[in-house]
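Spelled out, the chains give:
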Amino acid sequence: MNSSDRTSNRVRSGSKFRTRQGFSAIKDGIKASAEDIPDVSERKPPWLRVRLGASQAYSAVKETVHTHQLATVCEESHCPNIGECWSNGTATIMLMGAVCTRACRFCSVDTGNPGGWLDANEPANAARSVRLMGLRYVVLTSVDRDDLADGGASHYAACVSAIKAANPDTAVEALTPDFSGDLDAVATVVNSGLEVFAQNLETVERLTSAVRDPRAGYQQTLDVLAAAKSIKPDVLTKSSLMLGLGETEAEIHRSMEDLRAHQVDVVTLGQYLRPTRSHLPVARWVHPEEFERLRKWGLALGFTEVAAGPLVRSSYRADRILAGNNLGLIPVSNLS
């Protein structure tokens, strides 16, 4: 399993660099721009303050991740919950390297063309790492790999199978690319033995072209999710929306309705946070009360669960997604 190219950490955001495997990539995914559009407010609201974890458990997970050369979405996406999740001994593993073939304007993963490169040892390394970390539930996500004929679906399936063989009691969620709408590729992953299949809608339909790479698509994601449910009805399907990019509440409702119409079981809603100054600015800070309102509306719509809150991410507390308590998040009425 390939680690994030450590040399990229010394490269300025938005600049080109050469990876250890010999191909070029852009640090943080988006080229540096002279245009610097400020967020709606440079000061984050109090409900977005995060206490970074430095516990013994956090350190142990970090050591395991680096020892076994794992690329984690926790690190690559600058996730605000890395301290909490790793302190609790859970992690999301990113497959197929740390360089994505797409350049979405919300995402800080490095972009480039890996030219078909894959780590043949990744399935075995992933299985061993899950065992060493003692995970009951693991989320496997990945960069987009449009350079591979099947988008990496067979590699995904090999990783799931290896994890299940070595860790039969571990539940597996695959947060996948859209495989360019290739439903045979979707079937390969869905039939690999996983419990949850996820593909993120990311934003409302009107904003999709401004937020996501041109090769992604609003309807394409919905079709992939519907296909996954059709192929294996007992597999849970899941998607996620970022809020604060300029969408209206009516548009959020429409996207949630579209997800339910395509048989999606679980949706997560979280605040968009700008990873670098070259990425899309934050249009608004969404108050926790709005997240709570949207959660109640989504449950009434028929979702099995709606996990909603400013710091919620698709993989956040994923093992608790069916507990029915909004991941155990503090209700708005209890916030100081």
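Structural data are supplied above this passage.
The structure reproduced in this document is the subject of the present report. Bear in mind that the values here come from a model prediction, so they are computed numbers and not experimental data. Once a new chain begins, its residue numbering starts again from 1 and follows that chain's sequence as written. Where totals are concerned, whole chains, interfaces and linings use all residues; where local detail is concerned, this predicted model gives features only for residues with pLDDT of at least 70, and gives and counts side-chain atom pairs only at 80 or more. Calculated side-chain values reflect all of the structure's heavy atoms, with hydrogen atoms and water omitted.

1. Quick word on the pairing of strand E7 (residues 137-142)
Looking along a regular strand, one sees the side chains alternate between the two faces of the sheet.
At step 1: Taking burial as the measure, the 6 residues of E7 include 6 buried ones, the bulk of the element.
At step 2: Throughout this description, buried means an accessible area under 20% of the type-specific maximum (1.4 Å probe, protein chains only), exposed means over 50%, and partly exposed covers the range between. Only DSSP runs of H or I covering at least 4 residues are called helices, and only runs of E covering at least 2 are called strands; the numbering of each starts at the N terminus. Of the two faces of E7, the one lined by Tyr137, Val139 and Thr141 and the one lined by Val138, Leu140 and Ser142 are each fully buried.
At step 3: Bridge count for strand E4 (residues 92-95) against E7 is 4 bridges, and the pairing is parallel. Bridge pairing links isoleucine 93 to leucine 140 in E7.
At step 4: Between any two strands, pairing holds if DSSP finds at least two bridges. Bridge count for E7 against strand E8 (residues 171-175) is 5 bridges, and the pairing is parallel. Bridge pairing links leucine 140 to alanine 174 in E8.
At step 5: For a crossover, the right-handed case is the one in which the path from the first strand over the helix to the second runs clockwise, viewed with the strands pointing away from the viewer. Once you follow E7 into helix H5 (residues 153-166) and on to E8, the crossover reads as right-handed.

2. Quick word on the environment of glutamate 247
At step 1: For glutamate 247, the position within the fold is in the loop between strand E10 (236-243) and helix H9 (249-261).
At step 2: Overall, glutamate 247 belongs to the buried group, its relative accessible area being 4%.
At step 3: Residue contacts are defined here by distance: any two heavy atoms, one from each residue, within 4.5 Å place the two residues in contact. Discounting residues that sit within four places of it in the chain, glutamate 247 has contacts with Val204, Arg206, Leu207, Met242, Ile252 and Arg284.
At step 4: Polar contact criterion, stated in full: a pair of N or O atoms within 3.5 Å, where within protein one must be able to donate a hydrogen and the other to accept it, and residues adjacent in sequence count only if both atoms are side-chain atoms. Within polar-contact distance, the side chain of glutamate 247 engages the side chain of arginine 284 at 3.2 Å.

3. Points about the pairing of E8
At step 1: E8 sits mainly inside the fold: 5 of its 5 residues count as buried.
At step 2: In this sheet, strand E9 (residues 196-198) lies alongside E8 in parallel orientation, the contact comprising 3 bridges. When the bridges of E9 are listed, leucine 175 appears paired with alanine 198.
At step 3: Following the backbone out of E8, through helix H6 (residues 183-190) and into the adjacent parallel E9, one traces a crossover that is right-handed.

4. Some remarks on the environment of valine 235
At step 1: When you line up the elements, valine 235 lands in the loop between helix H8 (218-231) and E10.
At step 2: Since its relative accessible area comes to 2%, valine 235 is described here as buried.
At step 3: It is 5.4 Å that separates the C-alpha atoms of valine 235 and glutamate 195, two residues lying 40 residues apart in sequence.
At step 4: When neighbours within four sequence positions are excluded, valine 235 is seen to be in contact with Val190, Leu194, Glu195, Val196, Phe197, Lys229 and Asp265.

5. Quick notes on the nonpolar core
At step 1: Residue types Ala, Val, Leu, Ile, Met, Phe, Trp, Tyr and Cys, when buried and joined through side-chain atoms within 4.5 Å, form a set referred to as a nonpolar core. Counting residues in each nonpolar core, the largest one holds 78 residues, and the members touching the most others are Trp86, Leu140, Phe197, Met256 and Leu269.
At step 2: Counting 7 residues, the second largest nonpolar core, distinct from the first, contains Tyr137, Val139, Ala171 and Ala318.

6. Some remarks on the pattern of salt bridges
At step 1: In the sections that follow, a salt bridge refers to a side-chain nitrogen of Lys or Arg positioned within 4 Å of a carboxyl oxygen of Asp or Glu. Considering all chains together, one arrives at 16 salt bridges under this definition.
At step 2: Across the pair aspartate 265 and lysine 229 runs a salt bridge whose closest N-O atoms are separated by 2.7 Å. Of this pair, aspartate 265 sits in the loop between H9 and strand E11 (266-271) while lysine 229 sits in helix H8, and the two are 36 residues apart along the sequence. As far as burial versus exposure is concerned, aspartate 265 and lysine 229 are alike and both buried.
At step 3: Several salt bridges share partner residues, and in doing so they unite Arg102, Asp144, Asp146, Asp178, Asp213 and Arg215 into one network.

7. Thoughts on the packing of helix H1 (residues 56-67) against helix H4 (residues 122-133)
At step 1: Orientation is described by axes fitted as lines to C-alpha atoms, over the contacting stretch for helices, and by angles from 0 to 180 degrees between their N-to-C directions. Close contact between H1 and H4 brings their axes to 10 Å; oriented N to C, the two are set at 165°. Our classification of the angle between H1 and H4 gives roughly antiparallel. Considering only the axes of H1 and H4, their crossing is right-handed. On the side of H1, the interface is formed by Val61, Thr64 and Val65, while H4 contributes Ser129, Leu132 and Met133. In these notes the angle categories are as follows: under 35 degrees is roughly parallel, over 145 is roughly antiparallel, 65 to 115 is roughly perpendicular, and the rest is oblique. Definitions for this section: a left-handed crossing has its near helix turned counterclockwise from the far helix by less than a right angle. A right-handed crossing has that turn clockwise.

8. Some points on unusual backbone geometry
At step 1: Phi at methionine 96 is positive, roughly 65°, even though this residue is not glycine.
At step 2: Note that methionine 96 resides in the loop between E4 and strand E5 (99-100).
At step 3: Residues other than glycine seldom take positive phi values, yet serine 180 does so here, at roughly 55°.
At step 4: Secondary-structure assignment places serine 180 in the loop between E8 and H6.

9. A few points about the side chain of arginine 274
At step 1: Position of arginine 274 among the secondary structure elements: in the loop between E11 and helix H10 (288-301).
At step 2: A relative accessible area of 14% means that arginine 274 is categorised as buried.
At step 3: Within the structure, arginine 274 has its side chain in polar contact with the backbone oxygen of arginine 277 (distance 3.0 Å).

10. Re the environment of arginine 206
At step 1: Position of arginine 206 relative to the elements: it lies in the loop between E9 and helix H7 (208-211).
At step 2: In contact with arginine 206, not counting residues within four places along its chain, are Gly246, Glu247 and Glu251.

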